[in-house]
Amino acid sequence: MDPKKEEVRREHIRLHMEGTLTARDKVGVQDFVLLDAHTSESAFVDNLRKRFNENLIYTYIGTLLVSVNPYQELGIYTVSQMELYQGVSFFELPPHVYAIADNAYRMMCSELNNHFILISGESGAGKTEASKKILQYFAVTCPMTESLQIARDRLLLSNPVLEAFGNAKTLRNDNSSRFGKYMDIQFDFQGIPVGGHIISYLIEKSRVVYQNQGERNFHIFYQLLAGGEADRLAHLGLERDPRLYKYLSQGHRAKESSLNDKNDWKTVSNAFSVIDFTKADLENLFGIIASVLHLGNICFEEDPQGCATVPDTHEIKWIAKLLGVCPSVLLDALTHRKIEAKTEEVICPLTPGHSVYARDAMAKAVYGRTFTWLVNKINSSLVNKDVTKKTVIGLLDIYGFEVFDKNGFEQFCINYCNEKLQQLLIERTLKAEQAEYEMEGIEWEPIQYFNNKIICDLVEERHKGIISILDEECLRPGPATDLSFLEKLEETVGEHAHFQTRKLAGPKGRKRIGWMEFQLLHYAGEVTYCTKGFLEKNNDLLYRHLKEVLCRSSNRILRECFLVAELENRRRPPTVGTQFKDSLGSLLEMLICKEPSYIRCIKPNDTKEPSKFDDFLIRHQIKYLGLMEHLRVRRAGFAYRRRYEHFLQRYKSLCPDTWPHWHGPPGEGVERLIKYIGYRPEEYKLGKTKIFIRFPRTLFATEDAFEFSKHQLVARIQATYKGRLGRREYVKKRQVTTKLEAHWRGVLARREVQRRRWAVQVIRRFIKGFIHRHRPLCPDNEEFIVFVRKNYILNLRNHVPKNVLDKSWLRPPGILEHASDLLRKMCLRNLVRKYCRGVTDERRAMMQQKVVTSEIFRGKKEGYADSLRQPFATSRIDEGDIHPKVLQLIGSEKVEYGVPVIKYDRKGFKARQRQLILTRKAAYVVEMAKIKQKIEYSALKGVSTSSLSDGILVIHVSPEDIKQKGDAVLQCEHPFEAVTKLVMLVKKENMVNVVQGSLQFYISPGKEGTIVFHTGLEEHIYKDKNGQLTVVSVRRKS
Ligand SMILES: Nc1ncnc2c1ncn2[C@@H]1O[C@H](COP(=O)(O)OP(=O)(O)OP(=O)(O)O)[C@@H](O)[C@H]1O
Ligand SMILES: [Mg+2]
């Protein structure tokens, strides 16, 4: 990567990390881990108060959430808040229950493991509210398909039903859960909630028959009476006023203004319809609820024998009707007891006191088991039949440590449960952590923590534990009482460091511990329990007689709850204590294989008031919730650890060396990665297989950076993918192009083959034609001949002669000779015609003159051929050169031709310069202004020239003409021209005589001269010794 770009990216990651780190809540610290005085309880409470006063009810201790009940609506559970927390890294936003839920959900989705969220705290601290918020969060934020909406609705609506049957108003909480609840929410691989499963623990059955002052029975009784339709109530034999029922009016709180039973009834009825309850189910269920109310109103009186009787059987009848049992059998069962003595059964009457006990036991058993049936029924509607693997998030809403003034069997169970859960926490977070550090070879300062296994053992150890001793006392024949149980305890576990009684404590413990009490030193603090009622509650006996009645009930729910098999089983059913211990054991087994998250709920005051922060109460809860201990551990250890592979897998994109693949050992990869993103040495430690990060902020900074880099990765992946697609497209196109090209080349090649084949045929035909070219026209040579003709003609086109003088002609092939001749002639004729058309009058005249010259001299006189090339002039003397006098003498005659000549005297042959001027009538020999001789044409007898190349011409005159002086002997440079002009003017062509050798000329009457002609090396004219004129000329071509 470009180093500059890389630097910018690093800078951006760094800024991003720092940016989120500085945006922290200013009011208190949102994580107790960041407290300076982390060991001070006051600092802890101060921080909690500061935040509470600002309505900030949530604070972290690492990943544990501390929640303070605000007792008011804070507007922090809106859908937009849910969206805000969705998918955001844990420490990025202020602490919230949604952050815990989202963190567990996201971890579950990404690591495909199971989780649980343990919510604990005092009654009224907000556990149930928190679990509902979590459920709502999942319902709103998880992905959803239409078909799975029903599963989500059932999960949500199971709550109001369970609350109606399992919650009640207490002094501490108007909606106090009187059972422990563990709920599994099952998610499919897409993270959609698809089903669930609920387990209930230790429903407080005693509430059915007795409530403390100011408290109520379970909500459902009041809701049915307040909201139930009139005919339903009539059918159940109930009146609307709850005060009419003993079981509802002992706490004197039958009418509770803070609760709206009527409205709640509607919600519950609506929920029933969604979670698959049939009409018959509801009829049976409310039959049982009504029969419990009727049971409470049965009064027993004592007959004279001291046995119990029922004076008014009105209620008995209603119960018998509603439960489908025989009224007399029921009455019998309530007032008598079957005792099995060896082989026979003895029926003995009960005292009114015992009958009340039997009645209440029946009411508790019926209600308790119906509640269990209800949970099972809800579970069957929540079950997801799809067998694909699911991941779960479990919500455990369970009572926290309860420390009252008087603590009974229930508190003992509850606090035992908390010990167990604390043990889980210890095992999961402390012990496991320490062991892990050791295993990883990480330096660890050991933290002193209290391992509460010793207390758990005190309670649950077989044969030696408190529960075992209690069971033993319950089963022991003979008179076992709560006191004997206490004595047995002192005997067995009296030595235990966490056990104390008044007797064992000696004088010191007298003030604190009563005679019937024992004290346990729980991990969170001391709790004193009163043994009164321990045996009875642990036994939870229902007389066999009554059980039989219930087994035979025609009410289907009861029949499912009270199985006949139970009657036949001679073994005593497990005691409540053992049952609870076992169910707790299986709960812990279930939890131990899941990833934990913790929510600790704190109640700010006892009066349910908003904005009231009771320091004393809160300190007490901080102590019993073990928060200081937890904080101490968190501060000492590392907040986060992950296996190198996982850490690298998640964050490898933050460093170019590890992205996209790191091929070396994962540990080295992580080291390179954290160096690159700038971890400081105190922030982390590297173990053998894991990285340990001390501060959560380091982790979430890394997470932030990862979030940021994801976008870049997505863009890169997208680009690569688009590139792939593009390339695929390109390769496809290239293949197509290659195919097209191949086809096209094929076409071209085939065309070429055809062309060549055609060419071969043409050439073959041509050769054949050539071979047979001399034969007459036949198919074999026809084409060739046509070609030759055409070719010749086409060729000829470019070689036709350009003018008449051009004698060239393209040689024709043999077969075209005749045609060529014809063409040549045609062409010549055409050229001649063209030439003739182009000849001017002047030229024509000259040509005619040349024709005349030709007729006269051609082949007769030397130099003729040369003369042909020289055009004739109109005249060789300008009119201006002729003396005006001469012109005057000539008179009206027009000078047709004039030429300078040398005239030789006829006698002495003296040469003189003269002009020969020709008119239409006569020829004049002129010397300057004088006409020396006029020869009229009528007197002209002829003209003679030699056959040689000299320029001598002799104009012969008639000797009879006296006007004439004799023949004129002239030498002219243009003899052909001059003679021709003269002849044409005279119009006598045959008057020219071309002589050879010599000629005679007339000098004067009777006297003739001779001119001899011959050739020599140079021209010369002279009078020879004979008095003849000798003319020597150079031989020339004629
Ligand atoms: N987050 C909250 N915001 C507003 N009010 C709350 C919140 N949590 C709890 N409350 C109030 O406190 C009351 C008691 O809460 P809740 O029923 O959850 O307590 P609990 O811990 O389940 O108690 P118990 O152990 O008795 O069941 C609620 O009815 C509600 O009025
Ligand atoms: Mg609750």
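Residues numbered from 1 in each chain as written. Chains lettered and ligands numbered in written order. Predicted model: local features only at pLDDT ≥ 70, side-chain atom pairs only at ≥ 80, totals over all residues. Heavy atoms only, no water.

Moving on, we come to the overall build of the protein. Secondary structure summary: the protein contains 36 helices and 31 strands in total. Here the C-alpha radius of gyration of the protein, 73 Å, is well above what a compact globule of 1038 residues would show, namely 31 Å. Counting only C-alpha atoms and orienting by the principal axes, one finds that the protein spans roughly 230 × 65 × 60 Å. Classification of the 1038 residues of the protein by burial places 51% in the buried group. Long-range pairs, those at least 24 residues apart, make up 64% of the contacts in the protein with a sequence separation of at least 6. For the protein, the exposed surface amounts to about 52,700 Å²; the carbon and sulfur share of it is 53%. Here the protein holds 159 positive side-chain charges and 128 negative ones, and the gap between their average locations is 16 Å. (Helix = DSSP H or I, 4+ residues; strand = E, 2+ residues; numbered from the N terminus. Rg over C-alpha atoms; globule rule 2.2 N^0.38 Å. Buried < 20%, exposed > 50% of the residue type's maximum accessible area, 1.4 Å probe, protein only. Contact = heavy atoms within 4.5 Å. Areas by Shrake-Rupley, 256 points an atom, 1.4 Å probe, with all protein chains shown as cover. Lys, Arg positive; Asp, Glu negative; His and termini not counted. Charge placed at Lys NZ, Arg CZ, Asp CG, Glu CD.)

What follows covers the coordination of the magnesium ion (ligand 2). In the first shell of the magnesium ion (ligand 2), the protein supplies Thr128 (OG1) and Ser177 (OG), at 1.8 to 2.1 Å from the metal. Of this pair, threonine 128 sits in helix H5 (residues 127-141) while serine 177 sits in strand S5 (residues 176-177), and the two are 49 residues apart along the sequence. (Donors = N, O, S within 2.8 Å, 3.2 Å for Na, K, Ca; no water.)

Turning our attention to the pairing of strand S20 (residues 897-904). Within S20, six of the eight residues are buried, leaving the element largely enclosed by the surrounding structure. With eight bridges joining them, S20 and strand S21 (residues 911-918) adopt antiparallel strand pairing. By the bridge assignment, isoleucine 902 is partnered in S21 with glutamine 913. Between the antiparallel neighbours S20 and S21 lie six residues, among them phenylalanine 909 with a positive phi of about 55 degrees. In terms of strand pairing, S20 meets strand S26 (residues 968-972) through four bridges, oriented antiparallel. The residue of S26 that forms the bridge with tyrosine 904 is valine 969. (Pairing = 2+ DSSP bridges.)

Around ligand 1, a shell composed of 17 residues is seen, among which Ser123, Lys127, Thr128, Ser176 and Ser177 lie nearest. At 2.8 Å, a backbone N or O of glutamate 129 approaches an oxygen atom of ligand 1. The separation between an oxygen atom of ligand 1 and a polar side-chain atom of serine 176 is 2.5 Å. Taking 620 Å² as the accessible area of ligand 1 by itself, protein coverage stands at 86%. (Near = heavy atom within 4 Å. Polar contact = N/O pair within 3.5 Å; in protein donor to acceptor, adjacent residues only side chain to side chain.)

Moving on to the domain arrangement of the protein. For the protein, the assigned domains are domain 1 (416-570), domain 2 (644-746), domain 3 (781-837) and domain 4 (842-993). Each of domain 1 and domain 3 was reduced to a C-alpha centroid, and the two centroids are 141 Å apart. (Domains from an automatic or database assignment.)

Residues Lys825, Arg829, Arg833 and Arg837 make up a contiguous surface patch of positive charge. Its place among the elements puts arginine 829 in helix H32 (residues 817-838). (Patch = residues over 30% accessible without salt bridge, like charges linked within 9 Å, V, L, I, M, F, W, Y side chains within 5 Å. Salt bridge = Lys/Arg side-chain N within 4 Å of Asp/Glu carboxyl O.)

The next subject is the packing of aromatic side chains. In this description, an aromatic ring pair is defined by two values, namely the gap between the centres and the angle between the planes. Under the criterion given, the structure shown has 40 aromatic pairs. An angle of 65 degrees between the planes, with centres 4.9 Å apart, marks the rings of phenylalanine 179 and phenylalanine 371 as edge-to-face. Here phenylalanine 179 is found in the loop between S5 and strand S6 (180-187), whereas its partner phenylalanine 371 is found in helix H15 (residues 352-382), with 192 residues between them in sequence. With a relative accessible area of 4%, phenylalanine 179 lands in the buried category. (Phe/Tyr/Trp six-rings, centres within 6.5 Å; stacked < 30°, edge-to-face > 60°.)

Tallied over the full model, the rule gives zero disulfides. A disulfide-free cysteine, cysteine 456 has its sulfur positioned 10 Å from the sulfur of cysteine 417, the nearest such atom. Residue cysteine 456 is classed as buried on the basis of its relative accessible area, which comes to 1%. In this model cysteine 827 remains outside any disulfide bridge; the closest cysteine sulfur is found in cysteine 836, 14 Å from its own. (Disulfide = S-S within 2.5 Å.)

Structurally, valine 983 can be placed in helix H36 (residues 975-986). Residues valine 983 and lysine 547 lie 436 residues apart in sequence; the distance between their C-alpha atoms is 182 Å. In this view, valine 983 contacts Val852, Ile856, Lys988, Glu989, Met991 and Val992; residues no more than four positions away in its chain are not counted.

In this section: a nonpolar patch on the surface. A cluster of nonpolar side chains, Ile763, Phe766, Ile767, Phe770, Ile771 and Phe787, forms an exposed patch at the surface whose accessible area comes to about 560 Å². Among the elements that take part in the nonpolar patch, helix H30 (residues 696-771) stands out by supplying five residues, more than any other. By secondary structure assignment, the location of phenylalanine 787 is in helix H31 (residues 779-797). For phenylalanine 787, a relative accessible area of 37% translates into the label partly exposed.

Ordered in space as S1-S2-S16-S3-S12-S6-S7, the seven strands form an open sheet in which the pairing is mixed. The open sheet terminates on both sides in strands that have one partner only, identified here as strand S1 (58-61) and strand S7 (193-201). Adjacent strand axes in the sheet meet at a mean angle of 20 degrees when their direction is disregarded. Of the strand pairs in this sheet, S1 and strand S2 (residues 64-68) are connected by four bridges, and their pairing is antiparallel. What sits directly across from tyrosine 60, in S2, is leucine 65. Taken strand by strand, helix H25 (residues 576-592) contacts strand S3 (115-121), S6, S7 and strand S12 (391-399), and its axis lies near 150 degrees from that of S7. Its contacts with the sheet place helix H27 (residues 627-636) against S1, S2 and strand S16 (595-602), and it is angled at close to 50 degrees to S1. (Axes fitted to C-alpha atoms, helices over the stretch in contact; angles between N-to-C directions.)

The next subject is the packing of helix H33 (residues 841-857) against H36. Running from N to C, H33 and H36 point in directions that differ by 105 degrees, and their axes come no closer than 9 Å. The orientation of H33 with respect to H36, classified from their angle, is roughly perpendicular. Facing Gln849, Val852, Thr853, Ile856 and Phe857 of H33, the residues of H36 in contact are Phe976, Val979, Thr980, Lys981, Val983 and Met984. (Parallel < 35°, antiparallel > 145°, perpendicular 65-115°, else oblique.)

What follows concerns unusual backbone geometry. Across the junction of tryptophan 659 and proline 660, the peptide omega takes the value 0 degrees, indicating a cis bond. As for its position among the elements, proline 660 is in the loop between helix H28 (644-651) and helix H29 (666-677). In this model, serine 611 sits at a positive phi of 60 degrees, which is unusual for a non-glycine residue. Tracing the backbone shows serine 611 in the loop between S16 and helix H26 (615-624). Its relative accessible area of 55% is what places serine 611 among the exposed residues.

According to the stated counting rule, one finds 56 salt bridges in the structure shown. The partner of aspartate 174 in a salt bridge is lysine 169, and the shortest N-O contact between them spans 3.1 Å. For lysine 169, a relative accessible area of 6% gives the class buried. For lysine 608, the salt bridge is made with aspartate 174, and the minimal N-O distance between the two is 2.9 Å. With lysine 608 in the loop between S16 and H26 and aspartate 174 in the loop between strand S4 (167-168) and S5, this residue pair connects regions lying 434 residues apart in the sequence.

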